[in-house]
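Chain by chain, the residues run as shown.
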Amino acid sequence: QGHSAVPQMAPSPKKMVAPTSWAGVTTVMFRNIPSRYTQQSLLAELRSEGFFPDYFYLPMDFKKNANAGYAFLNFGEEKEVAAFHSRYDGSRLSIRSAKFLQVVPAALQGYDANFAHMQHSAVMNHHRYYRLHLQELYQNNHNNPSKNIE
């Protein structure tokens, strides 16, 4: 009976789809991360296991003082991704959770694509830490790739 006053949604942009194969994958989505991890504590644990991503993003809900349960990480080489996948997929971190971790290919691949995506996000505009942290990771891994970040 007549037209509804419900506004129509604008067409959504084409949805990004993750690769179905691990070939060429350098960026992963790390799922089921226990909510008590902070960016610093998760990155410290990954580094202690020998993993040094050049891109790392763990969304935080500062009102709940918890992370969103997933992170994006990029590694310089596919062999690092294979080692990360082998170490963490189906396992648990030191802060225990009932859920097992999942490591899957991310829809956006590569440092440049992820950094460009983040540059235009509200997170980068409102949280200076992310911008500085990404720059630190990039400088440490690209200017001196043999240097371990401690």
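Residues numbered from 1 in each chain as written. Predicted model: local features only at pLDDT ≥ 70, side-chain atom pairs only at ≥ 80, totals over all residues. Heavy atoms only, no water.

Novice: Looking at this structure, I do not really get the nonpolar core. What am I missing?
Specialist: Inside soluble globular proteins, nonpolar side chains tend to come together where they are buried. Within the largest apolar cluster, 21 residues are counted, with the highest numbers of intra-cluster contacts made by Phe-30, Leu-42, Leu-46, Leu-73, Phe-84 and Tyr-88. Taken together, the elements giving at least two residues each to this core come down to strand 1 (27–31), helix 1 (39–48), strand 5 (70–74) and helix 2 (78–88). Setting aside residues up to four positions removed in sequence, Leu-46 forms contacts with Phe-30, Phe-51, Phe-56, Leu-73, Phe-84 and Tyr-88. Counting five residues, the second-largest nonpolar core is a separate cluster that includes Tyr-55, Tyr-111, Phe-115 and Met-118. (Core = buried A, V, L, I, M, F, W, Y, C linked by side-chain atoms within 4.5 Å. Buried < 20%, exposed > 50% of the residue type's maximum accessible area, 1.4 Å probe, protein only. Helix = DSSP H or I, 4+ residues; strand = E, 2+ residues; numbered from the N terminus. Contact = heavy atoms within 4.5 Å.)

Novice: So what exactly am I meant to see when it comes to the environment of Leu-73 here?
Specialist: With respect to the helices and strands, Leu-73 occurs in strand 5. Under the relative-accessibility criterion, Leu-73 is labelled buried at 0%. As for Leu-73 and Thr-26, which are separated by 47 residues in sequence, their C-alpha atoms are 8.3 Å apart. When near neighbours in sequence (up to four residues on either side) are disregarded, Leu-73 contacts Thr-26, Thr-27, Val-28, Phe-30, Leu-46, Pro-53, Tyr-55, Phe-56 and Phe-84.

Novice: Honestly, the side chain of Ser-91 in this entry has me stumped. Any pointers?
Specialist: The topology assignment puts Ser-91 in the loop between helix 2 and strand 6 (102–105). Apart from the residues within four sequence positions on either side, Ser-91 is in contact with Phe-100 and Leu-101.

Novice: Just checking my understanding: could you explain helix 2 for this structure?
Specialist: An α-helical turn contains 3.6 residues, so a residue and the one three or four places further along point in the same direction. Listing the buried residues of helix 2 in full gives Val-81, Phe-84 and Tyr-88. Buried residues of helix 2 fall within an arc of 65° about the axis and therefore sit on the same side. The outward face of helix 2, more than 90 degrees from its buried face, is lined by the exposed residues Lys-79 and Ser-86. If you follow the buried residues of helix 2, they end up packed against strand 1, helix 1, strand 5 and strand 6. Gly-90 sits one or two positions beyond helix 2 and adopts a positive phi of about 85°. (Arc of directions from axis to C-beta.)

Novice: Would you explain unusual backbone geometry in this entry?
Specialist: Most peptide bonds take the trans form, and the phi angle of most residues other than glycine is negative. Positive phi values are uncommon outside glycine, yet Asn-32 reaches one of about 70°. In this structure, Asn-32 sits in the loop between strand 1 and helix 1.

Novice: What is the right way to look at the packing of aromatic side chains in this model?
Specialist: Any two aromatic rings considered together are summarised by their centre-to-centre distance and by the angle between their planes. Following the criterion strictly, the structure yields eight aromatic pairs and no others. Centroid distance Phe-51 to Phe-75: 6.3 Å. Interplanar angle 70°. Geometry classified as edge-to-face. Here Phe-51, found in the loop between helix 1 and strand 2 (55–57), pairs with Phe-75, found in the loop between strand 5 and helix 2; they are 24 residues apart in sequence, far enough to count as distant. Here the aromatic cluster, defined as three or more aromatic residues joined through ring pairs, consists of Phe-30, Phe-51, Phe-75, Phe-84 and Tyr-88. Above the ring of Tyr-88, the side-chain terminus of Arg-87 is found at 4.4 Å from the ring centroid. The ring centre of Phe-100 lies 4.1 Å from the NZ or CZ of Arg-92, which sits over that ring. (Phe/Tyr/Trp six-rings, centres within 6.5 Å; stacked < 30°, edge-to-face > 60°. Lys NZ or Arg CZ within 6 Å of the ring centre and 35° of its normal.)

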